[in-house]
2 protein chains.
Amino acid sequence: MIQVNVRDPRPIYEQVRDGFRRLILSGVLPAGSKMPSVRELAAELAINPNTIQRAYRELELEGCICTVPGRGSFVSASDAAAALRRRELTDELRAAVKELRALGMNEAEILSAIREGTGND
Amino acid sequence: MIQVNVRDPRPIYEQVRDGFRRLILSGVLPAGSKMPSVRELAAELAINPNTIQRAYRELELEGCICTVPGRGSFVSASDAAAALRRRELTDELRAAVKELRALGMNEAEILSAIREGTGND
DNA sequence: TTTGCTGTATTAAATCGCTTAGTACAGTCA
DNA sequence: TGACTGTACTAAGCGATTTAATACAGCAAA
């Protein structure tokens, strides 16, 4: 369900957090479904429970999951989290477009670079 | 000319490197112009010369600058570096667009989010 | 040549974030 | 009660970043 790559320079807790965020926001994990327990996932991925806990804590702060002490963590109705993520992504998008314009690409070139999977230049 | 923010979680050498890369690729620093010396810039920014040196080394590897031992570092004709950067940015762009599509945004919404500086939803 | 700049290389130490390990406590449910 | 759940805490190791202090070599001008 979630994969962790030790050669990835990003911290493990970020990989876990981003992996679940994607699964949740894309609807693969529907609202209300139960997240694996901290210890269970830690054993499955062979990493420390504290690292999983940190990922879960951030997902909770983002509004992606809702934790109930003693019961577990559950995917929450994530309209707010989805809106937050859309906002982040559009901000990234605008920054990239701005810099590409500064590098001399016009709007048509940028659009074609988005639509076509082919590399430019 | 370059600003460093200690509260930025990114390493200082990355901030320096990215700052100069932007100045060079955008044409603010024209090809052939002299970069500040390692010691001079370190004193100006109040950081260690080794940190500046690391930023310069990476800029040289990217092809943005050309260093001549004993003389200094100079902005190089950076067509290859510009192409590299364009490639990085279009890759970022495509990844963001892909995720936004997965979040339910259609192409028209994405395009308007790029064109208009206003936040959506 | 001497002086003063330039980049480069090296080592040691301090700091910080990430990760692991171990332990402990409290809530939930069969 | 017992077995699970999340949570909290401390201690330690590790690696990257940064600083510090030197040292060496190339270039240019007085």
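Heads up: the structure comes first, above all this text.
The structure presented is a predicted model; accordingly, all values stated were derived computationally and were not measured. Each chain carries its own residue numbering, running from 1 in the direction its sequence is written. Written order decides the labels, with chains lettered from A and ligands numbered from 1. pLDDT decides what is reported in this predicted model: residues at 70 or higher carry local features, side-chain atom pairs at 80 or more are listed and counted, and totals for whole chains, interfaces and linings draw on all residues regardless. As a rule here, side-chain values come from all non-hydrogen atoms in the structure, and water together with hydrogens is ignored.

**Some points on the relation of the copies chain A and chain B**
Copy one and copy two of the chain differ by a rotation about an axis and a translation along that axis. In superposing the copies, a least-squares fit is computed on C-alpha atoms, taking residues whose pLDDT is at least 70 in both. Superposing chain A onto chain B takes a rotation of 179° plus a shift of 0.1 Å along the axis, which leaves an RMSD of 0.2 Å. As the rotation angle and translation indicate, the two copies are arranged about a two-fold axis. In terms of C-alpha distance to the rotation axis, chain A has L93 of chain A as its closest residue, with the C-alpha 3.0 Å off the axis. Two residues qualify as a contact provided that any one of their heavy atoms is within 4.5 Å of a heavy atom in the partner residue. Interface overlap between copies is the fraction of interface residues in one copy that are interface residues in the other; for chain A against chain B it reaches 97%, indicating a shared surface.

**Comments concerning the environment of S112 of chain B**
Within the secondary structure, S112 of chain B sits in helix α5 (residues 107-115). In the analysis that follows, any N or O atom pair within 3.5 Å is treated as a polar contact, provided that within protein one partner can donate a hydrogen and the other can accept it, and provided that, for residues neighboring in sequence, both atoms belong to side chains. Reaching out from S112 of chain B, the side chain makes a polar contact with the backbone oxygen of E109 of chain B at a distance of 2.9 Å. Runs of H or I in DSSP of at least four residues are treated as helices and runs of E of at least two as strands, each being numbered from the N terminus.

**Side note on the interface of chain A and chain B**
Contacts between the two partners involve 32 residues from chain A and, on the opposite side, 31 residues from chain B. Carbon and sulfur atoms make up 63% of the surface buried where chain A meets chain B, a total of about 2,900 Å² over both sides. Within this document, salt bridges are pairs made up of a side-chain nitrogen of Lys or Arg and a carboxyl oxygen of Asp or Glu, the two lying within 4 Å of each other. Summed over the shared surface of chain A and chain B, the number is six salt bridges. Note that E107 of chain B is salt-bridged to R115 of chain A, the shortest N-O span being 2.6 Å. At the boundary of chain A and chain B, one finds nine residue pairs in polar contact (both at pLDDT 80 or more). Note on residue categories: nonpolar means Ala, Val, Leu, Ile, Met, Phe, Trp, Tyr, Cys or Pro, charged means Asp, Glu, Lys or Arg, and polar means any other residue, Gly included. Along the lines of polarity and charge, the residues of the side of chain A that touches chain B split into 15 nonpolar, six polar and 11 charged. Buried area: the accessible surface (1.4 Å probe) lost by two parts on joining, summed over both.

**Some thoughts on helix α4 (residues 79-102) of chain A**
To estimate the expected span of a helix, count its residues, drop one, and scale the result by 1.5 Å. Over its 24 residues, α4 of chain A runs 35 Å from end to end, which matches the ideal 34 Å to within 8%, given 1.5 Å per residue. At the exit of α4 of chain A stands G104 of chain A, carrying a positive phi of roughly 100°.

**Some thoughts on the protein's contact with DNA strand C**
We call a residue near a molecule or strand as soon as one heavy atom of that residue lies within 4 Å of the molecule or strand. Looking at DNA strand C, there are 22 residues lining it, with I12, N48, N50 and T51 of chain A together with R39 of chain B nearest. Here, DNA strand C places atoms within 4 Å of the protein, and 63% of those atoms are sugar or phosphate. Here a phosphate oxygen of DNA strand C and a backbone polar atom of I12 of chain A are 2.2 Å apart. T67 of chain B places a polar side-chain atom, nitrogen or oxygen, 3.0 Å from a phosphate oxygen of DNA strand C. Going through the elements one at a time, α1 (12-25) and α3 (49-62) of chain A together with α2 (38-45) and α3 (49-62) of chain B are the ones with two or more residues in the surface near DNA strand C. Broken down by class, the residue content of the surface near DNA strand C amounts to seven nonpolar, 10 polar and five charged.

**Things to note about the packing of aromatic side chains**
When two rings of Phe, Tyr or Trp (its six-membered ring) have centres within 6.5 Å they constitute a pair, described as stacked for plane angles under 30 degrees, edge-to-face for angles over 60, and tilted for the intermediate range. This model, assessed by the stated rule, comprises two aromatic pairs over all chains. Ring centres of F20 of chain A and Y56 of chain A lie 6.0 Å apart, and the angle between their planes is 85°; this geometry places the pair in the edge-to-face category. Of this pair, F20 of chain A sits in helix α1 while Y56 of chain A is found in helix α3, placing the two residues 36 residues apart along the sequence. Its end group placed over the ring of F74 of chain B, K34 of chain B keeps NZ or CZ at 5.9 Å from the ring centre. When the NZ atom of lysine or the CZ atom of arginine is within 6 Å of a ring's centre and also within 35 degrees of its normal, the charge is said to sit over that ring. Taking NZ or CZ as reference, R54 of chain B lies 4.0 Å from the ring centre of Y13 of chain B, over its face.

**So, the nonpolar core**
One finds F20 and M35 of chain A together with F20 and M35 of chain B to be the most contacted residues of the largest nonpolar core, which totals 64 residues. If we skip the residues at most four places from it in the chain, F20 of chain B touches M1, I2, L29, M35, P36, L41, Y56 and L59 of chain B. In this description, a nonpolar core means a group of buried Ala, Val, Leu, Ile, Met, Phe, Trp, Tyr and Cys residues linked to one another through side-chain atoms lying within 4.5 Å. Here the term buried applies to any residue with accessible area under 20% of the maximum for its type, exposed to any over 50%, and partly exposed to those in between, with areas from a 1.4 Å probe on protein chains only.

**Quick notes on the pairing of strand β2 (residues 72-75) of chain A**
Pairing between two strands requires that DSSP report at least two bridges joining them. Here strand β1 (residues 65-68) of chain A pairs with β2 of chain A via four bridges, running antiparallel. Residue pairing in the sheet places I65 of chain A in a bridge with V75 of chain A of β2 of chain A.

**A closer look at the protein's contact with DNA strand D**
Around DNA strand D there are 23 residues in total, and P11, I12, N50, T51 and R54 of chain B lie nearest to it. The sugar-phosphate backbone supplies 65% of the atoms of DNA strand D found within 4 Å of the protein. Every element with two or more residues in the surface near DNA strand D is listed here: α2 (38-45) and α3 of chain A together with α1 (12-25) and α3 of chain B. Classifying every residue of the surface near DNA strand D by side-chain character gives seven nonpolar, 10 polar and six charged.

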